Amino acid sequence: MFLGLDLGTTNVKVVVVDHDGSLVSQGTAPVDRTTTPDGGVEQDIDQIWDAACQAIREAVANVDAAKIQAVGISSQGGAMQLLDGDEKPIGRVISWLDERGRPFDRQIEAQWGEPYLVEHTGSNLSTTSLGQLLRLQQQSPEVLETAAGIGYVGDLIVKKLCGRRGHDGTNLSLAMLYNPSLGQADPDLLRRLKIDGKRLPDLLRATENAGPLRADAAAATGLPEGIPVSPAIHDQYAAAIGAGAVAEGDVLVGTGTAWVLLATTGRLAPPIAPRTFVCSHPVEGLFGQLLLMGNVGEVIAWALELIGRGESGGAALEDLIESVPPGADGLRFWSQLSTDRPTVAGLPPGGTLSGMTLAHSANHLLRAVIEGLACELARRLDWFQRADLPIKRLILSGPAASGHVIPQILASVTNRPVRRLLEPAVSAFGAATIARAVAHPEERLDRLALRLQPDDHTISTDANAEAYQKQLEEYLAPFPKNTKKD
């Protein structure tokens, strides 16, 4: 058996899977966040460790722990912890949600420029470590100068487990310090930030053994002493492993409050859209482009509140959508609701409803919103096509994957098959797959991911696809042509 540990921002999740990839046991524990009046969001690394131990103990209580062969680690990205000379925490974890670094990120983007960031990080934005390190340099230089180490949540928990701070390129990339062209922390970037690379965690391959489980960690978790521990992998890439998104053209669509797109590519390419993270994939020879689709979950929740069905979800939500025919009898929705979206020529500011008549019901509005969001997803997938990066299939995880109606709309609008994953803890599941690759290095990670992927169901396009293609053309008409800057 193999254990996957997912260090989330709000919860720690643990799964134990067997050699066939079947879920055997699981555990979970909450983690706390503290906010400060100036926009700070912080966490306590010791409390995260306690939560990890609690979740692991819960998971192993129902199995023969002696049969667990390895531990894999998935982690939230960019949550930074300064360390003293004894590798003890200086202050608290600076969360990736912390807003205090944002003005400094804008300063970096203005002064260094997008071409520099793309060349040295693969990405076209500044966030997480970059802004926070510059903030500390300017506001608290004495704190940064006394820090002997710069760590992140994932590698610090790896250290608790096996005595070594280790993470892979995906985790360092989301900390904005990794150059995917070089396969290491970017030397010029570190020089500009006045950071000695020796202060960073050890950079390891995703399937490399970071070290054997220590005796004290075994006592705290109930795991066997000496089993191998993986380095920390960024949770979105761990989810890609868990979902089997390990071939060029696979796009993992994580659904929740925000929808996250992680496209697997066969070559290192510039970011296909503004504010896109580009990184090496844990599977050797592949790369990833990660971007937010925006507040899709919030838009769906807004539509439900608007029609007085704010508590609806799951099967109830699908029944509401399915009560209206495809195309919503001509009602159309453009999903530019977020206040930070640029105005699109040809559309009024904000979201837009078009074609409304007295014959339309509240459920028509809901279906129009879902179809408009599907069109927005198709628009973003086209950015990859225009960059000559093929998109072959969508792999859907999270709440939207629990039913069949939304995945069917997505398949028919995007004109691509949609695999919906039935396993909700996909990042933890991916960490367990990585644990197996660490314990059995003779097995290729991509083949393991495909063989052990959790239960799923593939939905193909249906008879409505042709009509939806005409609807998509209508949706795309107001947007600028042949540009990704929209």
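Shown above is the structure to which this text applies.
Everything numeric here is computed off the predicted structure, so don't read it as measured data.

**Considerations on the side chain of Asp235**
Phase 1 of the analysis: Note that Asp235 resides in helix H10 (residues 235-243).
Phase 2 of the analysis: Here Asp235 is buried and forms no salt bridge, its nearest opposite-charge partner Lys13 lying at an N-O distance of 9.6 Å.
Phase 3 of the analysis: Sequence-distant contacts of Asp235, defined by excluding residues within four places in its chain, comprise Asp6, Ser74, Ser75, Gln76 and Ser427.

**Here's the deal with the pattern of salt bridges**
Phase 1 of the analysis: A complete count under the given rule lists 26 salt bridges for this structure.
Phase 2 of the analysis: Lys160 is the salt-bridge partner of Asp46, the closest N and O atoms lying 3.4 Å from each other. With a gap of 114 residues between them, Asp46 in helix H1 (residues 45-60) and Lys160 in helix H6 (residues 153-162) connect regions that are remote in the sequence.
Phase 3 of the analysis: Of the charged contacts in the structure, one is a salt bridge between Lys159 and Glu87, with a shortest N-O distance of 2.4 Å. A residue pair is termed long-range when its members are at least 10 positions apart, and Lys159 in helix H6 and Glu87 in the loop between strand S7 (80-83) and strand S8 (89-94) qualify at 72 residues.

**Here we look at helix H2 (residues 102-112)**
Phase 1 of the analysis: Every buried residue belonging to H2 is among Phe104, Asp105, Ile108, Glu109 and Trp112, and all of these are buried. Projected down its long axis, H2 shows its buried positions confined to an angular sector of 145°, all on one face. Facing away from the buried side of H2 by over 90 degrees, the exposed positions are Pro103, Ala110 and Gln111.
Phase 2 of the analysis: Buried residues belonging to H2 abut helix H3 (114-121), helix H4 (129-139) and helix H8 (187-193).
Phase 3 of the analysis: After H2 finishes, the residue Gly113 shows a positive phi value of roughly 90°.

**Quick notes on the environment of Val71**
Phase 1 of the analysis: Looking at the element boundaries, Val71 is found in strand S6 (residues 71-75).
Phase 2 of the analysis: Residue Val71 is classed as buried on the basis of its relative accessible area of 0%.
Phase 3 of the analysis: Placed 156 residues apart in sequence, Val71 and Ile227 show a C-alpha to C-alpha distance of 7.5 Å.

**Quick look at the sheet that holds strand S18 (residues 277-280)**
Phase 1 of the analysis: Spatial strand order, S18-S19-S17-S16-S22-S23-S24: seven strands in an open sheet with mixed pairing. The open sheet has two free edges, formed respectively by S18 and strand S24 (456-459), since each of these has just one partner strand. Each adjacent strand pair in this sheet contributes to an overall mean axis angle of 20°, direction not counted.
Phase 2 of the analysis: Against the sheet, helix H14 (residues 405-414) engages strand S17 (259-265), strand S22 (393-397), strand S23 (418-421) and S24, with an angle of about 155° to S23.

Conventions adopted
Residues numbered from 1 in each chain as written. Predicted model: local features only at pLDDT ≥ 70, side-chain atom pairs only at ≥ 80, totals over all residues. Heavy atoms only, no water. Helix = DSSP H or I, 4+ residues; strand = E, 2+ residues; numbered from the N terminus. Buried < 20%, exposed > 50% of the residue type's maximum accessible area, 1.4 Å probe, protein only. Lys, Arg positive; Asp, Glu negative; His and termini not counted. Salt bridge = Lys/Arg side-chain N within 4 Å of Asp/Glu carboxyl O. Contact = heavy atoms within 4.5 Å. Arc of directions from axis to C-beta. Pairing = 2+ DSSP bridges. Axes fitted to C-alpha atoms, helices over the stretch in contact; angles between N-to-C directions.

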